[in-house]
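# Secondary and tertiary structure notes
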Amino acid sequence: MKRILKIVAILVVALVATIFTIPALLSGKIGDIVKSEANKMLNAKVEFEKLDISLISHFPKASLELVSFSVTGVDEFEGVELVAGKRIEVAVDVLSLFGDSFEVSKVWLLEPQINGVITKSGKANWDIMKPSESEEEVVEEQVDDSSSAFKLSINSVNIDRAQISYTDNQSNMTFSTSPVSLSLSGDLSAEATTLYLNATAAGITFVSEGDSFASGVTMALDGAIGADFGTNRYTLSKLNLSVNSVKAALDGWVEMAGDDIVTDIVLDCSDNDFKSILSLVPALYTKDFKNLTASGDVSLTGAVKDDILDIEALAMVYCNRMKNLYPELLATRYKLGEKETFIDMGDYDLLCYIGKKRGFLISGGEINTERTADMLLDEFRAAKLGRVTLELPER
């Protein structure tokens, strides 16, 4: 009997030792393979300090940990980091590795840095996938994907102290925020699920064409979202939103219907005072803001319903208002000539005329109306045509 117990004990010790040592022995080789294959697939340089694989730290789940990682651009983006971070940790259900459903219980990113850049020619630094060697290979891969029953399940995603920046040299626009934290949980593989979200972002800065629209703004979002991935409908129920000291509650739903976004959202800002509204003024929202004395209550409510207008439809309405209210300003800003030249044009024709004057042409000599619309609305928001209003009081 003692001999049997001794044999069992030796086997248990050997098994535990194997569980500890095999991942350690394989981690270095697997890391080299991952790095090599990633660099073959991407027009970028992938680096990381080490790749750890463990069957113990999250037992009975396996964990994969990537330490000090980065993805850096090449050619015109040489030296520009697209993504970097201290650590990525993924916990996986070991048994799911042998089935058709790959279950990831947790994804955790520590201090990731995301840096998006668009050049003046319109090239993005995140467009890093190398093209396939042949169209035949692409067709074969697509057929294989469509016939596969493989499913990926992710239960939670956590991001700690992220830094996000975006620079669009084509539109002369920059955006940055740091630190950003996110906690998202729910069955992301289900047809319908409830997502629990908690997100905070500080130091939000947004500059367009030299004009600052946000500086040092802090935002937070907390609550539950009912997600129906089959219909692309997302239901909000008392989703709490805060911008600096202004607090709001969002109720309603958003649905992606083809190319349209259909919404029915109610915004309740009833629990605010005058001091909260003052926090939206960058110069006032400083470290001494808590000592500021202000009086007065403020109650705000709002609603967004029906289809959200696309950018070109909105720009056409803008063109109509401007040509009727401020034709001289419109003519001067976009070099349209005498107002008689365009005053009788339809809204779409006027949009195209302005695009042509600005040289927003695409292949075949067609007008890039989307870019024209973006430019018109951006310049209106930035008051490039002066202080104008598109609404007149009733007479």
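Keep in mind that this is a model prediction, so the values were computed, not measured. Here the residue index of a chain counts from 1 through its sequence in written order. Totals for whole chains, interfaces and linings use all residues, but because this is a predicted model, local features are given only for residues with pLDDT of at least 70 and pairs of side-chain atoms are given and counted only at 80 or more. Heavy atoms throughout the structure, all of them, feed into the side-chain values; hydrogens and water do not.

### Looking at the overall build of the chain
Our working definition: Each helix is a run of DSSP H or I of at least 4 residues and each strand a run of E of at least 2, with the numbering of both proceeding from the N terminus. Residue exposure (1.4 Å probe, protein chains only): buried if accessible area is under 20% of the type maximum, exposed if over 50%, otherwise partly exposed. Every residue pair with non-hydrogen atoms within 4.5 Å of one another is taken to be in contact. In short, Shrake-Rupley with a 1.4 Å probe defines the accessible areas, and a residue's cover is counted only from the protein chains shown.
What the chain contains, in helices and strands, is seven helices and 14 strands. Residues counted as buried form 29% of the 395 residues belonging to the chain. Within the chain, contacts between residues separated by at least 24 positions form 51% of all contacts whose residues are at least 6 apart in sequence. A total of about 24,700 Å² of accessible surface is found on the chain, and carbon and sulfur atoms cover 57% of it.

### Points about the environment of Gly186
By the secondary structure assignment, Gly186 is in the loop between β8 (173-185) and β9 (192-208). Looking at Gly186, the relative accessible area reads 15%, which means it is buried. Between the C-alpha atoms of Gly186 and Asn155, which are 31 residues apart in sequence, the distance is 5.2 Å. Contact partners of Gly186, with chain neighbours within four places excluded, come to Ile154, Asn155, Thr193, Thr194 and Leu195.

### Thoughts on the packing of aromatic side chains
Each aromatic ring pair is summarised here by two numbers: the centre-to-centre distance and the angle between the ring planes. Where we set the bar: Aromatic rings from Phe, Tyr and Trp, taking only the six-membered ring of Trp, are treated as a pair when their centres fall within 6.5 Å; an angle between ring planes under 30 degrees marks them as stacked, one over 60 as edge-to-face, and anything in between as tilted.
Scanning all chains against the criterion turns up four aromatic pairs. Ring centres 6.4 Å apart and planes at 35° place the aromatic pair Trp126 and Tyr166 in the tilted group. One end of the pair, Trp126, is in the loop between β5 (113-118) and α2 (135-147); the other, Tyr166, is in strand β7 (residues 156-168), and 40 residues separate them in sequence. Judged by relative accessible area, Trp126 falls into the partly exposed class, the value being 43%. On the basis of relative accessibility, which here comes to 23%, the residue Tyr166 falls in the partly exposed class. Ring centres of Tyr318 and Phe380 lie 5.3 Å apart, and the angle between their planes is 55°; on these two criteria the pair is classed as tilted. Taken together, the positions of Tyr318 in helix α4 (residues 311-325) and Phe380 in helix α7 (residues 369-381) put the pair 62 residues apart, joining distant regions of the chain.

### Concerning the side chain of Thr369
Note the threshold: A 3.5 Å cut-off defines polar contacts: any pair of N or O atoms within that distance qualifies, except that in protein one atom must be a possible hydrogen donor and the other a possible acceptor, and neighbouring residues in sequence count only when both atoms are side-chain atoms.
Structurally, the position occupied by Thr369 is in helix α7. Thr369 sits in the buried class, given a relative accessible area of 10%. Here Glu312 takes part through its side chain, which lies 3.0 Å from a polar atom of the side chain of Thr369. Contacts of Thr369, omitting those with residues within four sequence positions, involve Glu312, Tyr348, Leu351 and Cys352.

### Considering empty space enclosed by the protein
So the rule is basically this: Grid points spaced at 1 Å and placed over the protein atoms alone form the basis of the search, with a cavity being a set where a 1.4 Å probe fits but cannot get out and a pocket an open set showing protein on both sides within 12 Å along at least five of seven lines. Lining residues have an atom within 4 Å of a point. Grid points are joined across faces, edges and corners, and a volume is the space filled by probe spheres set on the points. Classification convention: Asp, Glu, Lys, Arg as charged; Ala, Val, Leu, Ile, Met, Phe, Trp, Tyr, Cys, Pro as nonpolar; all other residues, Gly among them, as polar.
Using the criterion set out here, one finds one cavity of 30 Å³ or more in the structure. In this structure, the largest cavity occupies an estimated 30 Å³ of space. Considering the residues around the largest cavity, the lining is formed by Ser208, Glu209, Asp378, Glu379, Ala382 and Lys384. Here the residues of the lining of the largest cavity are counted per class, giving one nonpolar, one polar and four charged.

### Section: the nonpolar core
Counted only if it meets this: Residues belong to one nonpolar core when they are buried, are Ala, Val, Leu, Ile, Met, Phe, Trp, Tyr or Cys, and are joined through side-chain atoms within 4.5 Å.
Counting residues in hydrophobic clusters, the biggest one holds 22 residues, and the most contacted among them are Leu330, Tyr334, Leu336, Leu350, Ile354 and Leu376. Core analysis: the next-biggest nonpolar cluster, separate from the first, contains 13 residues, Val90, Val104, Ile159 and Ala201 among them.

### Regarding the pattern of salt bridges
Stated formally: Note on definitions: salt bridges are taken to be side-chain nitrogens of Lys or Arg within 4 Å of carboxyl oxygens of Asp or Glu.
By the definition in use, this model includes 12 salt bridges. With a closest N to O distance of 2.8 Å, Arg87 and Glu65 form a salt bridge. In this pair, Arg87 sits in strand β3 (residues 81-93) while Glu65 sits in strand β2 (residues 61-73), placing the two residues 22 residues apart along the sequence. For Glu65, a relative accessible area of 18% puts it in the buried group. Salt-bridge contacts for Glu111 lead to Arg161; the nearest nitrogen and oxygen are separated by 3.1 Å. Taken together, the residues span a long stretch of sequence, with Glu111 in the loop between β4 (101-110) and β5 and Arg161 in strand β7 at a distance of 50 residues. Look at Glu111 and you get partly exposed, because its relative accessible area is 23%. Taking relative accessible area as the criterion, Arg161 reaches 44% and is therefore assigned partly exposed.

### Comments concerning the side chain of Glu379
On the secondary structure map, Glu379 appears in helix α7. Of note is the side chain of Glu379, whose polar atom sits 2.9 Å from the side chain of Tyr334. Setting aside chain neighbours within four positions, we find Glu379 in contact with Arg333, Tyr334, Arg358, Lys384 and Leu385.

### Structural notes on the environment of Arg87
For Arg87, a relative accessible area of 30% puts it in the partly exposed group. For the pair Arg87 and Glu65, spaced 22 residues apart in the sequence, the C-alpha separation amounts to 6.9 Å.

### Let's talk about the packing of helix α6 (residues 347-358) against α7
Rules: The axes used here are C-alpha line fits, helices contributing only the stretch in contact, and every angle between their N-to-C directions lies in the interval 0 to 180 degrees. Roughly parallel means an angle under 35 degrees; roughly antiparallel, over 145; roughly perpendicular, 65 to 115; everything else is oblique.
Closest axis-to-axis distance for the α6/α7 pair is 9 Å, and the angle between their directions is 90°. If you check the angle between α6 and α7, you find them roughly perpendicular. Along its contact with α6, which presents Tyr348, Leu351, Cys352, Ile354, Gly355 and Arg358, the element α7 presents Thr369, Thr372, Ala373, Met375, Leu376 and Glu379. When the residues that make up the contact of α6 with α7 are grouped by side-chain class, the tally is seven nonpolar, three polar and two charged.

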